[in-house]
Amino acid sequence: MRPTELVSQMERFWEQPPSVERDALLGYAMLLLAGALEGAAAERYFVSGYSYARTSRQPEVRRLAEELRSGFKDYR
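Summarised in this report is the structure supplied together with it. (Residues numbered from 1 in each chain as written. Predicted model: local features only at pLDDT ≥ 70, side-chain atom pairs only at ≥ 80, totals over all residues. Heavy atoms only, no water.)

Helix-helix packing: each pair is described by the crossing angle between the helix axes and the interaxial distance. Their axes nearest at 7 Å, the elements helix H2 (residues 20–36) and helix H3 (residues 39–56) cross at an angle of 150 degrees. As the angle between them shows, H2 and H3 are arranged roughly antiparallel. Both H2 and H3 take part in a crossing whose hand is left-handed. Listed contacts from H3 to Val20, Arg22, Asp23, Ala24, Leu26, Gly27, Met30, Leu31, Leu33 and Ala34 of H2 are Ala42, Tyr45, Phe46, Ser48, Gly49, Tyr50, Tyr52, Ala53, Thr55 and Ser56. Split into classes, the residues belonging to the contact of H2 with H3 amount to 13 nonpolar, five polar and two charged. (Axes fitted to C-alpha atoms, helices over the stretch in contact; angles between N-to-C directions. Helix = DSSP H or I, 4+ residues; strand = E, 2+ residues; numbered from the N terminus. Parallel < 35°, antiparallel > 145°, perpendicular 65-115°, else oblique. Left-handed = near helix turned anticlockwise from the far one by under 90°. Contact = heavy atoms within 4.5 Å. Nonpolar A, V, L, I, M, F, W, Y, C, P; charged D, E, K, R; others polar.)

Written out as structure tokens, the structure is:
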């Protein structure tokens, strides 16, 4: 999925009321964006996605967050 499509998906997630499922989907989308982008944008999406992954406590999303973490110098 392209970054523009992920951003579009995230906009739909924000319309939903807060829930564990919504947080997991937001975290997953943000982490995918972090992996697809570079520089400051990737860092921003990683930080937010990592936070949502931890909040949601969904194992698949947390696993992705931990895999990506090694690529971000401030989170090793």
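That was the structure; now back to the text.
Right, let's talk about the packing of aromatic side chains for a bit. Each aromatic ring pair is summarised here by two numbers: the centre-to-centre distance and the angle between the ring planes. By the definition in use, this model includes three aromatic pairs. A ring pair is formed by Trp14 and Tyr52, whose centres lie 6.0 Å apart and whose planes are at 75 degrees; its orientation type is edge-to-face. Within this pair, whereas Trp14 is found in helix H1 (residues 3–14), its partner Tyr52 is found in helix H3, the two being separated by 38 residues in sequence. Taken together, a centroid distance of 4.3 Å and an interplanar angle of 10 degrees make the contact between Phe46 and Phe72 stacked. One end of the pair, Phe46, is in helix H3; the other, Phe72, is in the segment after helix H4 (59–69), and 26 residues separate them in sequence. (Phe/Tyr/Trp six-rings, centres within 6.5 Å; stacked < 30°, edge-to-face > 60°.)

Tracing the sequence through the fold places Thr4 in helix H1. Since its relative accessible area comes to 59%, Thr4 is described here as exposed. Along the primary structure Thr4 and Leu33 are separated by 29 residues, whereas in three dimensions their C-alpha atoms are 9.2 Å apart. (Buried < 20%, exposed > 50% of the residue type's maximum accessible area, 1.4 Å probe, protein only.)

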